[in-house]
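Okay, here's what each chain looks like letter by letter:
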Amino acid sequence: MRIALFGYGKMGQMIEQIARNRGHEIVAKIDENTQDIDFNSMDVAIDFSMPEAAFGNITKCFNNNVPVISGTTGWLDKYEDAITLCNDKKGAFIYASNFSLGVNIFFELNNYLAKMMQNLPEYKVSLEEIHHTQKLDAPSGTAITLAEGVIANSNYSEWKLDNSSDTILPITSKRIGKVPGTHTVDYESVVDRISIKHTAHNREGFALGAVTAAEWIIGKSGVFTMRDVLNLG
Ligand SMILES: NC(=O)C1=CN([C@@H]2O[C@H](COP(=O)(O)OP(=O)(O)OC[C@H]3O[C@@H](n4cnc5c(N)ncnc54)[C@H](OP(=O)(O)O)[C@@H]3O)[C@@H](O)[C@H]2O)C=CC1
Ligand SMILES: O=C(O)C1=N[C@H](C(=O)O)C[C@H](O)C1
């Protein structure tokens, strides 16, 4: 498979390594200064760039019939536009706030726990995410997906950073050293606490998930999620 990397930072470099080990070819490494992009040279594009760059990169790929795997976070105000464009162009698209197998299982666990807790108002829910100090967006995309899972199954109607009420689900974002990504969901009552936590030890899981998604999307058209790729039901 011929892969173009949109963004060649920490994730782009890890994806290159995993992709080469799986027998794929990296045909382009694209950044904000790249002028001419040969879209005919690539079978799939993988975008791990920057919040302000992601939608433009995705648009270019759809306009040139290239399937897109999007891992960049912090651009989701334009997600519906991306879906519309993908459908108009009969393209192929997967966005995931987190591509790792472990976090996608954690998302399922989070939804299941939220359903079990939905009629137990004595438990107050809160989310915490910890990442490295270079991270640009807060809260993390993963924390937002977790919050959406809780909100869909509870009386919380929205999430906010560092702000809580009976209807506001609070998210705390911490930036510490080189932490690759730690997410915790807490249910706290007067008598006890239930916590679920995912800790990434490095970036390999994210990169492997993105390459697996790229392998999976070849030959398909439509908008998909990691639930489709991982066959999580
Ligand atoms: N979904 C997931 O599983 C994961 C998602 N992420 C997300 O992926 C994104 C990238 O993370 P990470 O690799 O750690 O970040 P880095 O800052 O290490 O890399 C981002 C790269 O994008 C480049 N860039 C800037 N503008 C453009 C552009 N217009 N087109 C292409 N590339 C551009 C930057 O170049 P320069 O430095 O020259 O500006 C930089 O090399 C973040 O949004 C992060 O949250 C991260 C891990 C997992
Ligand atoms: O920026 C990162 O590093 C990460 N970003 C993603 C997010 O915002 O959730 C995924 C992972 O946690 C690492």
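Conventions adopted
Residues numbered from 1 in each chain as written. Chains lettered and ligands numbered in written order. Predicted model: local features only at pLDDT ≥ 70, side-chain atom pairs only at ≥ 80, totals over all residues. Heavy atoms only, no water. UniProt positions renumbered as here; feature names shortened; annotations may be inferred. Near = heavy atom within 4 Å. Polar contact = N/O pair within 3.5 Å; in protein donor to acceptor, adjacent residues only side chain to side chain. Areas by Shrake-Rupley, 256 points an atom, 1.4 Å probe, with all protein chains shown as cover. 1 Å grid on protein atoms, 1.4 Å probe; cavity = no way out; pocket = protein on both sides within 12 Å on 5 of 7 lines; lining within 4 Å. Sits in = over half its atoms within 2 Å of the grid points. Helix = DSSP H or I, 4+ residues; strand = E, 2+ residues; numbered from the N terminus. Nonpolar A, V, L, I, M, F, W, Y, C, P; charged D, E, K, R; others polar. Domains from an automatic or database assignment. Points joined across faces, edges and corners; volume = space filled by probe spheres on them. Disulfide = S-S within 2.5 Å. Contact = heavy atoms within 4.5 Å. Buried area = accessible area lost by both parts, 1.4 Å probe. Salt bridge = Lys/Arg side-chain N within 4 Å of Asp/Glu carboxyl O.

As recorded by an unreviewed UniProt entry, the chain carries the name 4-hydroxy-tetrahydrodipicolinate reductase and is attributed to Maribacter stanieri. Entered under Sequence similarities (unreviewed entry) in the UniProt record, the comment concerning the chain runs "Belongs to the DapB family." As its UniProt record puts it under Function (unreviewed entry), the chain is described as follows: "Catalyzes the conversion of 4-hydroxy-tetrahydrodipicolinate (HTPA) to tetrahydrodipicolinate."

Colleague: So what's going on with the site of ligand 1? Which residues, and what values?
Modeller: Among the 23 residues in the neighbourhood of ligand 1, the closest are listed as Lys 10, Met 11, Thr 73, Phe 99 and Lys 135. A distance of 3.1 Å separates a nitrogen atom of ligand 1 from a polar backbone atom of Gly 71. Coverage of ligand 1 by the protein chains reaches 78% of its 920 Å² of free accessible surface. Given that more than half its atoms are within 2 Å of the pocket grid, ligand 1 belongs to the largest pocket. Of all the secondary-structure elements, those providing two or more residues to the shell around ligand 1 are α1 (10–21) and α2 (51–63).

Colleague: Outline the site of ligand 2, supporting the account with residue identities and numerical values.
Modeller: In the neighbourhood of ligand 2, 13 residues make up the surrounding shell, with His 131, His 132, Lys 135, Gly 141 and Thr 142 lying closest. One of the side-chain N or O atoms of Thr 73 is found 3.5 Å from an oxygen atom in ligand 2. Here Lys 135 contributes a side-chain N or O atom positioned 2.7 Å from an oxygen atom of ligand 2. The pocket occupied by ligand 2, as judged from atoms lying within 2 Å of grid points, is the largest pocket. Split by residue class, the shell around ligand 2 holds two nonpolar, nine polar and two charged. Each of domain 1 (2–99 + 204–230) and domain 2 (101–201) gives at least three residues to the shell around ligand 2.

Colleague: Could you give an account of the layout of surface pockets, naming the residues involved and the relevant values?
Modeller: One number sums up the size of the largest pocket: a volume of about 900 Å³. Residue lining of the largest pocket: 39 residues in total, with Met 11, Phe 48, Ser 49, Met 50 and Thr 72 positioned closest to the centre. Contributions of two or more residues to the lining of the largest pocket are made by α1, α2 and α5 (141–151). In this structure, the lining of the largest pocket is formed jointly by two domains, domain 1 (2–99 + 204–230) and domain 2 (101–201), each of which donates at least three residues. Approximately 610 Å³ is the volume attributed to the second largest pocket. Only α3 (79–88), α4 (101–117), α5 and α7 (226–230) provide two or more residues apiece to the lining of the second largest pocket. In terms of residue class, the lining of the second largest pocket is built from eleven nonpolar, twelve polar and five charged. There are two domains that each give the lining of the second largest pocket at least three residues, and those are domain 1 (2–99 + 204–230) and domain 2 (101–201).

Colleague: Give me the side chain of Glu 16: which residues, what numbers.
Modeller: Along the chain, Glu 16 turns up in helix α1. In terms of polar contacts, Glu 16 uses its side chain to reach the side chain of Arg 20, at 2.6 Å.

Colleague: I'd love a proper account of the state of the cysteines, names of residues and values included.
Modeller: Under the defined criterion, the tally for this structure stands at zero disulfides. Cysteine Cys 61 remains unbridged, with the sulfur of Cys 86 as its closest cysteine sulfur at 11 Å.

Colleague: Report on the domain arrangement of the chain, specifying residues and quantitative values.
Modeller: Domains assigned within the chain are domain 1 (2–99 + 204–230) and domain 2 (101–201). Spacing between the C-alpha centres of domain 1 and domain 2 amounts to 26 Å. Taken together, the twelve residues of domain 1 in the interface contact 15 residues of domain 2. Surface buried jointly by domain 1 and domain 2 totals about 1,100 Å² across both partners, of which 54% is contributed by carbon and sulfur atoms. Run the count over domain 1 and domain 2 and you get one salt bridge. Among the ionic pairs, Glu 108 bridges to Arg 227, the shortest N-O distance being 2.8 Å. At the junction of domain 1 and domain 2, the tally comes to eight residue pairs in polar contact (both at pLDDT 80 or more). Per element, the largest residue contribution to the side of domain 1 that touches domain 2 is three residues, and it comes from α7. Considered class by class, the residues forming the side of domain 1 that touches domain 2 number six nonpolar, four polar and two charged.

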